[in-house]
Amino acid sequence: MISAILLSQLPQDIQKLVQGVSNRSVADFEQLCDRLTDCSAPELCMLQPVFYIHLDPDFIPEKSTPAAITDIELAKWSLVGIMKTFNMCPGAEPERYLFSAWNRVTPWLVFFHSQFIMRRANHRPISRRLAVDVVGCILQHANNMITSGGDTVLITTPSIYHLLVELWLLALKIKDEDVLIIPQHPCNQSIYGPQFASLEIVIPLVFSDCTNYKAFMTTVLEVSGDIGTVVSTALEYVMHMGLMAQDPNKVTSLPTSLGMLTHTFSNCVIVIIELSKHSAAMREEFILRLSVKKIFLICRIIQLLFSSGESMDPTFGKSTLVQSFLYLIALLLRANNTVPVLHQALHSYAFEIAMGIQGPAVEVDLRDYKKSFLVILDIFLVYDKILTYAYKHVDAWSNALGPDVLPDETIRKRWSAVETKIRLYASLKSREEKIRRPSPDKKGWILRCYCGDTTEDTQLRQCSECQVVRYCSKRCQRDSWYSHHKWSCKFLKAAVGSSTSHYMKRSLCLLSGIEAHMVLCRWSDIQDQVAAARCKYPEDQDRLVVKITIDKEEISVQPLRQYLFVFNGLSENEVVDRLSSWPDPRGHLRRSFFCSVIAIHDKYSSQILFSPHTALDMETVPTLSRNQQYLESRRKKYESPMDRG
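Here we summarise the structure given alongside this text. (Residues numbered from 1 in each chain as written. Predicted model: local features only at pLDDT ≥ 70, side-chain atom pairs only at ≥ 80, totals over all residues. Heavy atoms only, no water.)

Brief notes about the pairing of strand E4 (residues 544-549)
Burial within E4 is extensive, with 5 of its 6 residues counted as buried. Sheet topology places E4 next to strand E5 (residues 554-559); 6 bridges connect them, and they run antiparallel. In the sheet register, valine 546 faces E5, and the bridge partner there is valine 557. Between E4 and the antiparallel strand that follows it, E5, lie 4 residues; glutamate 553 among them carries a positive phi value of about 55 degrees. The pairing of E4 with strand E6 (residues 595-601) spans 5 bridges and is classified as parallel. Opposite valine 546, over in E6, you have serine 596 as the bridge partner. (Buried < 20%, exposed > 50% of the residue type's maximum accessible area, 1.4 Å probe, protein only. Helix = DSSP H or I, 4+ residues; strand = E, 2+ residues; numbered from the N terminus. Pairing = 2+ DSSP bridges.)

A closer look at unusual backbone geometry
Peptide bonds are mostly trans, and most non-glycine residues show a negative phi. Here the phi dihedral of arginine 119 falls at roughly 60 degrees; this positive angle occurs in a residue that is not glycine. Counting through the fold element by element, arginine 119 comes out in the loop between helix H7 (102-117) and helix H8 (128-147). Judged by relative accessible area, arginine 119 falls into the partly exposed class, the value being 45%. Even without a glycine there, the phi angle at leucine 290 is positive, about 60 degrees. Mapped onto the elements, leucine 290 comes out in the loop between helix H14 (280-288) and helix H15 (291-308).

A word on the pattern of salt bridges
Tallied over the full model, the rule gives 20 salt bridges. One salt bridge in this structure joins glutamate 93 and arginine 96, with 2.7 Å as the shortest N-O distance. Linking glutamate 93 with arginine 96, this pair stays in helix H6 (residues 92-100), spanning 3 residues, or about one helical turn. Taking the relative accessible area as the measure of exposure, glutamate 93 reaches 26% and is therefore partly exposed. According to the relative accessible area criterion, arginine 96 is partly exposed, its value standing at 45%. (Salt bridge = Lys/Arg side-chain N within 4 Å of Asp/Glu carboxyl O.)

Some remarks on helix H20 (residues 384-400)
Over its 17 residues, H20 extends 24 Å from the first C-alpha to the last, a length consistent with the 24 Å expected when each residue adds 1.5 Å. Considering bend angle alone, the principal kink of H20 is centred on histidine 393 and spans about 50 degrees. Every buried residue belonging to H20 is among Asp384, Ile386, Leu387, Tyr389, Ala390, Val394 and Trp397, and all of these are buried. (Expected span 1.5 Å × (residues − 1). Bend = angle between axes of the 7 residues up to and from the residue.)

A look at the side chain of serine 64
Of note, serine 64 is situated in the loop between helix H4 (41-47) and helix H5 (69-88). A relative accessible area of 4% means that serine 64 is categorised as buried. Not counting chain neighbours up to four residues away, the residues in contact with serine 64 comprise Ile72, Phe111, Gln115, Phe116, Ala121, His123 and Pro125. (Contact = heavy atoms within 4.5 Å.)

Topic: the packing of helix H21 (residues 409-436) against helix H24 (residues 508-521)
At their nearest, the axes of H21 and H24 sit 8 Å apart, and the two run at 110 degrees to each other. Classified by the angle their axes make, H21 and H24 are roughly perpendicular. Only Cys509, Leu510, Ser512, Gly513, Ile514 and His517 of H24 make contact with H21, whose side of the interface consists of Leu424, Tyr425, Leu428, Lys429, Glu432, Glu433 and Arg436. Tallied by class, residues from the contact of H21 with H24 come to 6 nonpolar, 3 polar and 4 charged. (Axes fitted to C-alpha atoms, helices over the stretch in contact; angles between N-to-C directions. Parallel < 35°, antiparallel > 145°, perpendicular 65-115°, else oblique. Nonpolar A, V, L, I, M, F, W, Y, C, P; charged D, E, K, R; others polar.)

Thoughts on the packing of aromatic side chains
Using the criterion set out here, one finds 24 aromatic pairs in the structure. A ring pair is formed by phenylalanine 111 and phenylalanine 116, whose centres lie 5.9 Å apart and whose planes are at 90 degrees; its orientation type is edge-to-face. Per residue, the accessibility class of phenylalanine 111 equals that of phenylalanine 116, and both read buried. Through a chain of ring-to-ring contacts, three or more aromatic side chains come together here, namely Phe296, Phe325, Phe351, Phe373, Tyr389, Trp397 and Trp415. Above the ring of tyrosine 97, the side-chain terminus of arginine 96 is found at 4.7 Å from the ring centroid. The residue whose ring lies beneath lysine 486 is tryptophan 487, and the NZ or CZ to ring-centre distance is 4.9 Å. (Phe/Tyr/Trp six-rings, centres within 6.5 Å; stacked < 30°, edge-to-face > 60°. Lys NZ or Arg CZ within 6 Å of the ring centre and 35° of its normal.)

Notes on the environment of alanine 335
Within the secondary structure, alanine 335 is located in the loop between helix H16 (314-334) and helix H17 (339-347). Sequence-wise, alanine 335 and isoleucine 287 are 48 residues apart; in three dimensions their C-alpha atoms are separated by 8.4 Å.

A few points about the nonpolar core
Nonpolar side chains in soluble globular proteins generally cluster together in the buried interior. Counting 206 residues, the largest nonpolar core has Leu32, Leu47, Val105, Leu139, Trp168 and Phe351 as the members making the most contacts within it. Other than its neighbours up to four places away in sequence, leucine 32 contacts Ile14, Leu17, Val18, Val21, Leu47, Val50 and Phe51. (Core = buried A, V, L, I, M, F, W, Y, C linked by side-chain atoms within 4.5 Å.)

A look at the environment of tryptophan 523
Secondary-structure assignment places tryptophan 523 in helix H25 (residues 523-536). For the pair tryptophan 523 and isoleucine 555, spaced 32 residues apart in sequence, the C-alpha to C-alpha distance is 9.9 Å. Tryptophan 523 has contacts with Arg591 and Phe593, leaving out every residue within four places of it along the chain.

A closer look at empty space enclosed by the protein
Going through the model one piece at a time under the given rule, you end up with 1 cavity of 30 Å³ or more. Of the pockets and cavities examined, the largest cavity occupies roughly 50 Å³. Around the largest cavity sit Ile273, Ser276, Lys277, Arg283, Tyr327, Ala330, Leu331 and Arg334, which together line it. At the level of elements, helix H13 (254-278) and H16 are the ones that each hand at least two residues to the lining of the largest cavity. Top element by residues in the lining of the largest cavity is H16. It accounts for 4 residues. (1 Å grid on protein atoms, 1.4 Å probe; cavity = no way out; pocket = protein on both sides within 12 Å on 5 of 7 lines; lining within 4 Å. Points joined across faces, edges and corners; volume = space filled by probe spheres on them.)

Here's what the structure looks like:
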């Protein structure tokens, strides 16, 4: 309680109210909170002990009942007094008292949350609106004590984990119509004092500080019930930030509102990053629900708002970029399938954001992001899905990336190399697909039987062994096996890798074209290295394998035994026998080396694959020949006698 000496220094009416509060007078406590606006900063500091005397956890009732109304009202005005003094007297003194009495405050926050925000009490003398304001404001002040350099982590107290998770799940559903500017908050015109921001802003800031704690993550799953709820809620926050950014009723003053909004958005992304680290299942669920696409779309909206305003703090603009790209990189390192991750990012303007096309007007150093993104794009161009998107937009990108956007000569050269590769790869892919006769399937290039059947691609049967070729019927599959697929099956599987990702399967034509191009361009170097390898490995002269590392454009030659892991359990002799028994109409095995493999970048290292060019020839050359014979026989069958004559 306040000492007699300090009490005597307060105005007479305040002294009487303090005495009434010490005697458990709810009316006097309400009047005291109302009079706080007339008090000076020193007087507010002297009054600090008054707001904690009635926050004794021993007086917390099990439920809100009429019998407990006095204790509840005294606790309410205690929390309102703490909230008002923080807003009117920022500084060390209010923080010191909150820190020292945090173990008294948190049980009452949990009670108010349970009984009045979650409405678990039948008797509710306190409105949800007031409970939200009080709990949200005190949580934000506790969180600010961390971010402003405090030595303690009040907000990560385990006793409030359950409260934080429930508020996180609930905050977006509370329609309080708050705005992001302090003077316009409805509480400014009430006795409760101003509020910094609505609960939908406060909770992500608080929530992100707890996600590093295993016990907190356990509570998240326990309270939410399943991973799907957690993922959908986290993404709702991200999308909500985008809606708020475009709502003039929310963003009433661009610099202040946008600053708080970008800070909140960054924390929403941090939450998603930490949740994704918690388990692979949660990470993949985020990807399935297009998390990357949604994050970069909102990032784009915020960046364009920064471009339209003046006097913006550049740190806020940069924070949206940093967290968005940190999430993208984290997924490219950990996701089960990285191609759809990058494709989502590209579809939501990640390239434009990274390169600064129509970017923020603020001075933000984006060189590292430009370099990193160009490296990422360069590596992933071996995937048909990424190349197709890049080639569709390469002209627009090239026109936009002038010297004013790319003043750094190193980055300009890197972009020029990437642009050249996009155009080259697209040309190689187109040429290869014309040779291989692509399926009419608009979703991408697939291998299928060429018997003339019109079966839709969705109804085709897939070879269970290689999982690459599709057939219209069992009979067609059987005929294909005896004709050629018994040779090509194992090697097609080796050409797409053990994961048999459909993105890899749809990229076979592209990889085949790149391989053939590199062999042609580096033929002299290949011949020199093969000659050197024959001297180095005399016992393997007829079993030398050329390795083509596509992203680095490197050539190396090693014995076949070094690459047996590529062939799905086949022994060295089995690989030799199967390839040797293949008719080889294009003379793959009559070269100076036995066969080739390619290396493409994977998320952890390089992935070694059997020659896509050879594998496709093993499958498509015989089928194209058979199909030509089939079409010729049908033409002759339906040709009229007059035409034959």
